[in-house]
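Overview (structure and organization)
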Amino acid sequence: MSDKPLSDAVRQGWEVIDYSVTDSSGETWHHNFLLRRQGQHKVLTVRKKMLGGGVVASEMEV
């Protein structure tokens, strides 16, 4: 994934339905996006890397 995973998903036709942010034990913030495209849903979780620049992103189909 690139350093702009949400922008990449929107460019691919995904629509942002909902958003939440969680604090992971005071260490880092996890930004969670519920995405929809053609009846499919997935959650995109984005957080800043612990070391160095950039972000870590993960996707989960729901």
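Quick summary incoming for the structure in this document. (Residues numbered from 1 in each chain as written. Predicted model: local features only at pLDDT ≥ 70, side-chain atom pairs only at ≥ 80, totals over all residues. Heavy atoms only, no water.)

Observations concerning the overall build of the protein
- Each helix and strand counted, the protein has one helix and four strands in total.
- Taken from N to C terminus, the helices and strands of the protein fall in the order α-β-β-β-β.
- Dimensions along the principal axes, computed over C-alpha positions, put the protein at roughly 35 × 20 × 15 Å.
- Buried residues in the protein amount to 21% of all 62 residues.
- Of the contacts made within the protein by residues no fewer than 6 positions apart, 19% connect residues no fewer than 24 positions apart.
- Accessible area of the protein: about 4500 Å², with a carbon and sulfur share of 50%.
- Side-chain charges of the protein comprise 8 positive and 8 negative groups, with the mean position of each set lying 6 Å from the other. (Helix = DSSP H or I, 4+ residues; strand = E, 2+ residues; numbered from the N terminus. Buried < 20%, exposed > 50% of the residue type's maximum accessible area, 1.4 Å probe, protein only. Contact = heavy atoms within 4.5 Å. Areas by Shrake-Rupley, 256 points an atom, 1.4 Å probe, with all protein chains shown as cover. Lys, Arg positive; Asp, Glu negative; His and termini not counted. Charge placed at Lys NZ, Arg CZ, Asp CG, Glu CD.)

Observations regarding the pattern of salt bridges
- All chains considered together, the criterion is met by three salt bridges.
- A salt bridge links Arg11 to Asp8, with the nearest nitrogen and oxygen atoms 3.0 Å apart. Linking Arg11 with Asp8, this pair stays in helix H1 (residues 5-11), spanning three residues, or about one helical turn.
- Here Glu59 makes a salt bridge to Lys42, at a shortest N to O gap of 3.2 Å. Here Glu59 is found in strand E4 (residues 55-61), whereas its partner Lys42 is found in strand E3 (residues 40-48), with 17 residues between them in sequence.
- Residue Lys42 is classed as buried on the basis of its relative accessible area, which comes to 7%. (Salt bridge = Lys/Arg side-chain N within 4 Å of Asp/Glu carboxyl O.)

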